[in-house]
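# Fold and contact review
These are the residues of each chain, in order.
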Amino acid sequence: MNTNEFARSPKLKEGFVHQVWDVVSKIPYGRVATYGQIAACLPPPDMMSAARYFAWGARMVGRAMAAAPEGIPWHRVVNAQGKISFRSQSCYQEQRQRLVAEGVQFDAHERIDLSIYGWNP
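I will try to describe carefully the structure that is included in this document. (Residues numbered from 1 in each chain as written. Predicted model: local features only at pLDDT ≥ 70, side-chain atom pairs only at ≥ 80, totals over all residues. Heavy atoms only, no water.)

### Things to note about the nonpolar core
The test is simple: The definition of a nonpolar core used throughout is a set of buried Ala, Val, Leu, Ile, Met, Phe, Trp, Tyr and Cys residues joined through side-chain atoms within 4.5 Å. Burial status follows relative accessibility: with a 1.4 Å probe on protein chains alone, a residue under 20% of its type maximum counts as buried, one over 50% as exposed, and anything between as partly exposed. Helix numbers and strand numbers start at the N terminus; a helix is a DSSP run of H or I with at least 4 residues, a strand a run of E with at least 2.
Ranked by size, the top nonpolar core spans 23 residues in total, and within it Val-20, Val-24, Ile-38, Val-61 and Met-65 carry the most contacts. Where this core is concerned, the elements lending two or more residues are α2 (10-24), α3 (35-41) and α4 (50-66). With 6 residues, the single largest contributor to this core is α2. If you look at the next biggest cluster of nonpolar residues, it comprises 9 residues, including Val-32, Ile-84, Tyr-92 and Phe-106.

### Some points on the packing of aromatic side chains
For clarity, the threshold we go by: In this analysis, rings of Phe, Tyr and Trp, with Trp reduced to its six-membered ring, are considered paired at centre separations within 6.5 Å, and the interplanar angle assigns stacked below 30 degrees, edge-to-face beyond 60, and tilted for intermediate values. Over a ring means this: the NZ of a Lys or the CZ of an Arg is within 6 Å of the ring centre and within 35 degrees of the ring normal.
Scanning the entire structure with this criterion turns up 2 aromatic pairs. When the centroid spacing of 6.0 Å and the interplanar angle of 85° are considered together, the rings of Phe-16 and Tyr-53 count as edge-to-face. Here Tyr-53 lies in helix α4 and Phe-16 lies in helix α2, a separation of 37 residues in the sequence. Residue class for Phe-16 comes out buried when judged on its relative accessible area of 3%. Considering the side-chain rings of Phe-86 and Tyr-92, the 6.1 Å spacing of their centres and the 45° angle between planes classify their relative orientation as tilted. Note on Phe-86: relative accessible area 54%, which makes it exposed. The residue whose ring lies beneath Arg-96 is Phe-106, and the NZ or CZ to ring-centre distance is 4.4 Å.

### Brief notes about the environment of Ile-72
Our working definition: Any two residues having at least one pair of non-hydrogen atoms within 4.5 Å are treated as being in contact.
One can find Ile-72 in the loop between α4 and β2 (77-78). According to the relative accessible area criterion, Ile-72 is buried, its value standing at 13%. Taking the C-alpha atoms as reference points, Ile-72 and Val-23, separated by 49 residues in sequence, lie 9.8 Å from one another. If we ignore the near neighbours within four places in the chain, the residues touching Ile-72 are Trp-21, Val-24, Ser-25 and Met-65.

### Considerations on the pattern of salt bridges
Should their charged atoms come close, side chains of opposite charge can pair. Rules: For salt bridges, the criterion is a side-chain nitrogen of Lys or Arg within 4 Å of an Asp or Glu carboxyl oxygen.
Following the criterion strictly, the structure yields 5 salt bridges and no others. The residue Glu-102 makes a salt bridge to Arg-76 at a minimum N-O spacing of 2.9 Å. In this pair, Glu-102 is assigned in the loop between α5 (89-101) and α6 (114-117) and Arg-76 in the loop between α4 and β2, connecting sequence segments 26 residues apart. Arg-76 shares its class with Glu-102; the two are buried.

Put into structure tokens, the structure is as follows:
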């Protein structure tokens, strides 16, 4: 199964999305995890090879986070460089403000030190 087929399968997609949200809900206050780390916590969706999931899992997590409902701490998920993945200026600012409010610090290059603030599920 490829990612387009997965996206068109509401049952598979919904199950995966809820698994992502469950893992993200466990990220502690003041900590962050990467899209890839979240993907690595979950098995490949049915009918998707491990190799394809390894290649696309982080992006799939990103799509799930874009649809996260109220109450899911979406702001605690960042890219593998420890940076906020840019979607829009307002979304970027909101995510940054939420993280700073939790005590997460950014360096001069807008990176979060994952060795300090990273959560390893």
